[in-house]
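Survey of secondary and tertiary structure
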Amino acid sequence: MKILVTGGLGYIGSHVVVELQNEGFEVVIIDNLSNSTIDVLKGIKAITNKQPIFEKLDLRDKISVTDFFNTHEDINSIIHFAASKAVGESVEKPLLYYENNLSPLVNILQELQNKKASNFIFSSSCTVYGQADTLPITESAPIKPAESPYGNTKQVGEEIIRDTCKVEPNLNAIALRYFNPIGAHETGNIGELPLGTPQNLVPFITQTGIGKRDQLSVFGNDYPTEDGTCIRDYIHVVDLAKAHVSALKRLVNQDNDYNFEIFNIGTGKGSSVLEVINAFEEVSNQKLNYKIVGRREGDVIAAYADTTKANTVLGWKSELNLKEALLSAWKWENK
Ligand code: NAD
Ligand code: UD1
């Protein structure tokens, strides 16, 4: 079965392509290389011994999207990653984010209207919960006002899919709300490639560890948590990738209960910033240069997933722990 993976040369998409190929799916990637490089294809081939089909295409271009679906009439299943993801940049350039994160979504859903049956998986985020009132966070927790245009694109993206599913009974969709993806493939052939200074914790840690950055700033140690630093649910990107395969199989086998379903994808375990640093020091066998600085605006205190729904309904569970994830990130950084 042929699966379209948009943004398939990106960080999460490339790991999903590997898992799909390992499971025998044929993959077609669309990517405009705005935040990735063509070399990722080599990394995927090195792991799976198979080269996915690749089309360089900008999904904002409606005509190209229509042409693509006309050429690949046999594609009915799509995993949609393509989007811009830098939270800070989205505050500076909101229209770029609304255009790039929403127009590809609309363009693809419009093409699926012509199909007798189609399956669609959307990359959503735990950012939709903001600071949840209760922990761990279940899928029924209220959606909080978005802190950034990026966060808003995930909320609106889910609404676009929900509204479309109401009128398109042939469309079956799943939104996966990722908690904090980290790590890389165990081979070190694919991983996260942040452009410029990393905004996220783990790439900043590994770049400091290897000497590309002088010092990690820990944003605040006066939060109401055990050690005063914020808590997140860090999930190994390979576990996250496998969740996509489980979601896809659910749709392909028509096992879904509703034509739009939502699942949290995390480990269910929260770790503080200092715990992540300690775990990194252990797996890399070196001290990390860090200092405590003031809080970062917009940070929530604590977020970790209740994964019961994914565990029981999707039949998926994370298998790798924080240290394994950090070791893989460190291996990738070294490579
Ligand atoms: P990424 O930037 O590594 O991958 C996205 C890919 O999409 C890139 O290869 C980029 O070139 C491509 N792309 C962007 N706009 C495109 C367009 N208009 N047409 C074609 N290709 C385009 O990001 P990622 O970390 O792999 O994230 C994938 C998805 O998961 C995104 O939707 C992101 O918002 C979501 N998500 C990511 C995280 C995270 O922490 N990484 C967390 C929650 C949700
Ligand atoms: C980020 C995104 C969010 C997305 C989530 C899941 C931002 C602002 N938000 O949030 O939209 O849904 O990932 O992928 O980017 N930290 C430091 N020093 C650093 C970097 C981070 O102390 O240099 C701390 C942060 O304060 C936070 C934790 O590390 O407590 C994790 O930060 P980060 O990796 O940026 O993830 P989120 O804040 O969860």
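Provided above is the structure to which this section pertains.
First, a word on what this report is: a plain description of the structure on this page. Source: prediction; values computed, not measured.

A tally of helices and strands in the protein yields 11 helices and 13 strands. In terms of overall dimensions, the protein is globule-like: its C-alpha atoms have a radius of gyration of 19 Å, near the 20 Å expected for 335 residues. Its C-alpha atoms put the protein at 55 × 45 × 40 Å along the principal axes. Each of the 335 residues in the protein was classed as buried or not, and the buried ones make up 53%. Within the protein, counting contacts between residues at least 6 apart in sequence, those at least 24 apart form 80% of the total. Split by element, the accessible area of the protein, about 15,000 Å² in all, is 48% carbon and sulfur. For the protein, the separation between the mean place of its 32 positive charges and that of its 42 negative charges on side chains is 3 Å.

Of all eight residues in strand β5 (residues 118–125), eight are buried; the element is thus mostly enclosed. Along β5, one buried face is formed by Ser118, Phe120, Phe122 and Ser124 and the opposite face, lined by Asn119, Ile121, Ser123 and Ser125, is buried too. In the sheet, β5 pairs with strand β6 (residues 171–178) via eight bridges, with the strands oriented parallel. Residue pairing in the sheet places Ser123 in a bridge with Leu176 of β6. Note on the crossover from β5 through helix α6 (residues 149–167) to β6: the handedness is right-handed.

Our next topic: the nonpolar core. By size, the foremost hydrophobic cluster in this structure holds 37 residues, and its most contacted members are Ile12, Leu20, Ile44, Ile121, Leu176 and Ile265. Looking at this core, the elements that each hand over two or more residues are β1 (2–6), α1 (11–22), β2 (26–31), α2 (39–48), β6, α8 (237–252), β11 (260–265) and α10 (308–314). Ranked by residues supplied to this core, first place goes to α8 with nine residues. Excluding residues within four positions of it along the chain, Ile44 makes contact with Gly8, Leu9, Ser14, Val17, Val18, Gln21, Ile29, Asn49, Lys50, Pro52 and Ile190. Judged by nonpolar contacts, the second largest core, of 25 residues, contains Ile30, Leu105, Leu112 and Leu171.

What follows is about the packing of aromatic side chains. Inspection of every chain in the model, using the stated rule, returns three aromatic pairs. Ring centres of Phe280 and Trp330 lie 5.1 Å apart, and the angle between their planes is 90°; on these two criteria the pair is classed as edge-to-face. Here the residue Phe280 occupies a position in helix α9 (residues 273–284), and Trp330 occupies one in helix α11 (residues 322–334), the gap between them amounting to 50 residues. For Phe280, a relative accessible area of 0% translates into the label buried. According to the relative accessible area criterion, Trp330 is buried, its value standing at 11%.

Moving on, we come to the site of ligand 2. Inspection of the region around ligand 2 gives 20 residues, with Ser125, Asn180, Ser217, Arg232 and Asp299 positioned closest. Within the side chain of Ser125, a nitrogen or oxygen atom sits 2.5 Å from an oxygen atom of ligand 2. Between an oxygen atom of ligand 2 and a main-chain N or O atom of Phe219, the distance comes to 2.9 Å. When isolated, ligand 2 has an accessible area of 730 Å², and the protein chains bury 86% of it. Elements that contribute at least two residues to the shell around ligand 2 include exactly β7 (180–182) and β8 (216–219). Classifying every residue of the shell around ligand 2 by side-chain character gives 11 nonpolar, six polar and three charged.

The rules behind each value
Residues numbered from 1 in each chain as written. Chains lettered and ligands numbered in written order. Predicted model: local features only at pLDDT ≥ 70, side-chain atom pairs only at ≥ 80, totals over all residues. Heavy atoms only, no water. Helix = DSSP H or I, 4+ residues; strand = E, 2+ residues; numbered from the N terminus. Rg over C-alpha atoms; globule rule 2.2 N^0.38 Å. Buried < 20%, exposed > 50% of the residue type's maximum accessible area, 1.4 Å probe, protein only. Contact = heavy atoms within 4.5 Å. Areas by Shrake-Rupley, 256 points an atom, 1.4 Å probe, with all protein chains shown as cover. Lys, Arg positive; Asp, Glu negative; His and termini not counted. Charge placed at Lys NZ, Arg CZ, Asp CG, Glu CD. Pairing = 2+ DSSP bridges. Right-handed = clockwise from strand over helix to strand, strands pointing away. Core = buried A, V, L, I, M, F, W, Y, C linked by side-chain atoms within 4.5 Å. Phe/Tyr/Trp six-rings, centres within 6.5 Å; stacked < 30°, edge-to-face > 60°. Near = heavy atom within 4 Å. Polar contact = N/O pair within 3.5 Å; in protein donor to acceptor, adjacent residues only side chain to side chain. Nonpolar A, V, L, I, M, F, W, Y, C, P; charged D, E, K, R; others polar.

Interpretation note: all reported values are geometric properties and have no functional meaning in isolation.
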